[in-house]
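Architecture and fold: a report
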Amino acid sequence: MMRFSRLLPAALLPLLLAPAEAAARDLKLEEFFKGRTYAYGWFGAINGTTRRFKVVLDGRWNGQVLTLREAFEYEDGEKDVKTWRFRKTSPTTYLGTREDVIGETLVTLDGPIATFAYDVNLTPKAEPTIVRFSDTLLLEADGTLRNTAWVSRWHLPVARVNVNFARTEEGALAIRP
């Protein structure tokens, strides 16, 4: 037994020193979203409302701005289109705008993670209903991207959104939240 306990640390040493080959690479929005990307998502509110949706994204990078057209299709048949414009301001930051976002959002990259928060008016043709989205995107080692967003109103959490992205529709369907 004593001999085995001495050999175990020696056997594990190469595993501990081996490079983390499965580690995700750094996220760059213009690389991940260039061309067509697919996603499936789920929205859940504190009042029990849930919605599932599919998104087909088309991204164009002109060397400075990523234009990302998002075509949403909800399970109930509703469709919507939104377009993000992310202007790269440094190797690790972007400024983003979208037609329903109030002002600009600062996107910050840290390795495989992107974080950003933004205010959205959910009722543009009526009395404003402003909510805040706080998104965290994580690039997985398998090349998929997972987004968790918390939605708040008056600084109180009211909903959560999970969206999982992949380069193929089959890949996105396989990781559907």
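Residues numbered from 1 in each chain as written. Predicted model: local features only at pLDDT ≥ 70, side-chain atom pairs only at ≥ 80, totals over all residues. Heavy atoms only, no water.

**Overview of the overall build of the protein chain**
Note the cut-off: Helix and strand definitions follow DSSP, with helices as H or I runs of at least four residues and strands as E runs of at least two, each counted in order from the N terminus. The contact criterion used is simple: two residues touch if any of their non-hydrogen atoms lie within 4.5 Å. Surface accessibility in these figures is a Shrake-Rupley result with a 1.4 Å probe; residues are shielded only by whichever protein chains are displayed.
Tallying secondary structure elements over the protein chain gives three helices and 11 strands in all. Listing every helix and strand of the protein chain by position from the N terminus yields α-α-β-β-β-β-β-β-β-β-β-β-β-α. By sequence separation, contacts in the protein chain at least 24 residues apart represent 32% of the contacts at least 6 residues apart. Carbon and sulfur atoms make up 57% of the accessible area of the protein chain, which amounts to about 10900 Å² in all.

**Comments concerning the confidence of the model for the protein chain**
Our working definition: Residue-level confidence of the predictor is summarised by pLDDT, bounded by 0 at the bottom and 100 at the top.
Of all residues in the protein chain, 86% attain a pLDDT of 70 or more, and the chain-wide mean is 88. Low pLDDT (under 50) marks residues 1–22, which in the prediction has one contact with non-local residues, meaning those over four places away or in another chain.

**Some words on the packing of aromatic side chains**
Definition in use: The criterion for an aromatic pair is that two Phe, Tyr or Trp rings (for Trp, the six-membered ring) have centres within 6.5 Å, with stacked assigned to planes under 30 degrees apart, edge-to-face to planes over 60 apart and tilted to the rest. Whether a residue is buried, partly exposed or exposed follows from its accessible area with a 1.4 Å probe, protein chains only, as a fraction of its type maximum: under 20%, in between, or over 50%, in that order. In this scheme, the term charge over a ring applies when either NZ of a lysine or CZ of an arginine sits within 6 Å of the ring centre and within 35 degrees of the ring normal.
Scanning the model with the defined rule gives 11 aromatic pairs in all. Both rings, one in Trp-84 and one in Phe-86, keep their centres 4.9 Å apart while their planes meet at 15 degrees; by these two values the pair is stacked. Residue classification places Trp-84 among the buried residues on the basis of a relative accessible area of 4%. The cationic tip of Arg-51 hangs over the ring face of Tyr-74; the distance from NZ or CZ to the ring centre is 3.9 Å.

**Observations regarding the environment of Val-65**
Tracing the sequence through the fold places Val-65 in strand β3 (residues 65–74). Each C-alpha atom, one on Val-65 and one on Gly-96, is 9.3 Å from the other, the two residues being 31 residues apart in sequence. Val-65 has contacts with Arg-60, Arg-85, Phe-86 and Arg-87, leaving out every residue within four places of it along the chain.

**Describing the nonpolar core**
Going by this rule: Here, nonpolar core means buried Ala, Val, Leu, Ile, Met, Phe, Trp, Tyr and Cys residues that are tied together by side-chain atoms lying within 4.5 Å of each other.
Counting 33 residues, the largest nonpolar core has Leu-27, Leu-29, Phe-33, Phe-86, Phe-133, Leu-145 and Phe-165 as its most contacted members. Ignoring sequence-local partners within four residues, the contact set of Leu-145 consists of Leu-27, Phe-32, Phe-33, Leu-137, Leu-138, Leu-139, Val-163, Asn-164 and Phe-165. Residues Tyr-38, Tyr-40, Val-56 and Ala-172 belong to the second largest nonpolar core, which totals five residues.

**Some details on the pattern of salt bridges**
Put simply, the rule is: By salt bridge we mean one thing: a side-chain nitrogen of Lys or Arg within 4 Å of a carboxyl oxygen of Asp or Glu.
One pass over the structure, following the stated rule, counts 13 salt bridges. Measuring nitrogen to oxygen at the nearest pair gives 2.6 Å for the salt bridge that ties Glu-30 to Lys-88. Taken together, the positions of Glu-30 in helix α2 (residues 29–32) and Lys-88 in strand β4 (residues 79–90) put the pair 58 residues apart, joining distant regions of the chain. Judged by relative accessible area, which is 9%, Glu-30 ranks as buried. A salt bridge links Lys-54 to Glu-169, with the nearest nitrogen and oxygen atoms 2.4 Å apart. With Lys-54 in strand β2 (residues 50–61) and Glu-169 in helix α3 (residues 169–174), this residue pair connects regions lying 115 residues apart in the sequence. Residue classification places Lys-54 among the partly exposed positions, given a relative accessible area of 22%. Members of the salt-bridge network, linked through shared partners, are Glu-70, Asp-80, Lys-82, Arg-98 and Asp-100.

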